Amino acid sequence: MSNTSKKKIVSANKKFLDFCTKLLIAINGLYLLGLILLHWGGWSFGIWLSLIVFALLNGYIYNQLRSWAIPSFDDKGEILNPGLPLESEGLVEYHWDVLYLTWATQIVTLYTNWGWLILALAPAYAVYQVFRLFIIPFFQREPEESEEDDSKAKRRREKRQNKIKIVRKQ
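These numbers come from a predicted model, not from an experiment. (Residues numbered from 1 in each chain as written. Predicted model: local features only at pLDDT ≥ 70, side-chain atom pairs only at ≥ 80, totals over all residues. Heavy atoms only, no water.)

S.K.: Looking at this structure, I do not really get the packing of aromatic side chains. What am I missing?
M.R.: How two aromatic rings sit relative to each other is set out by the distance from centre to centre and by the angle between their planes. For the coordinates displayed, the defined rule picks out 8 aromatic pairs. Note on F54 and W116: the rings are 4.9 Å apart at their centroids and 5° apart in plane angle, and the pair reads as stacked. Here F54 is found in helix α2 (residues 45-69), whereas its partner W116 is found in the loop between α3 (91-109) and α4 (121-140), with 62 residues between them in sequence. By relative accessible area, F54 is classed as buried at 1%. Taking the relative accessible area as the measure of exposure, W116 reaches 31% and is therefore partly exposed. Judged by centre distance (6.0 Å) and plane angle (25°), the ring pair of W96 and Y100 falls under stacked. With W96 and Y100 both in helix α3, this residue pair falls 4 residues apart, about one helical turn. Exposure remark for Y100: the relative accessible area of 40% places this residue in the partly exposed category. Every member of this aromatic cluster is reached through a ring pair, and the members are F16, W96, Y100 and W103. (Phe/Tyr/Trp six-rings, centres within 6.5 Å; stacked < 30°, edge-to-face > 60°. Helix = DSSP H or I, 4+ residues; strand = E, 2+ residues; numbered from the N terminus. Buried < 20%, exposed > 50% of the residue type's maximum accessible area, 1.4 Å probe, protein only.)

This is the structure we're talking about:
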């Protein structure tokens, strides 16, 4: 990988994490402000639990993404490893999806307790993928033919090909 592409990855990761940090602070600030304004009289155990759950989810996912994006440098200041591109697919993409679901849940749970169902989308999607990729293909695969049947069918095909067809003209 050339040095310019490594620099592009590092700068893109930095911009993406800066934007994510601002958005994370804004959404959590909005959530806390909404809790104060909408639930001022009744700070129950559920509200404290939601604050803890969202803080843990946001903190874990954000720190994981940030640790993947940290570049490593040599003694001269050259980039050895630019870190994992945060726009890549796979596990990084799933982390972003869970972070976005968490943020959406935070906003929706301010208005209704049914907003917690948004977080159920992540495990529901995982179950869907397991069924789609592993379980359904397992039950839909065709049984393998035995060698005897295969050899008999092969002999029959050869006989048909070797037959001479006589066509009468009328």
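Now that the structure has been shown, the text picks up again.
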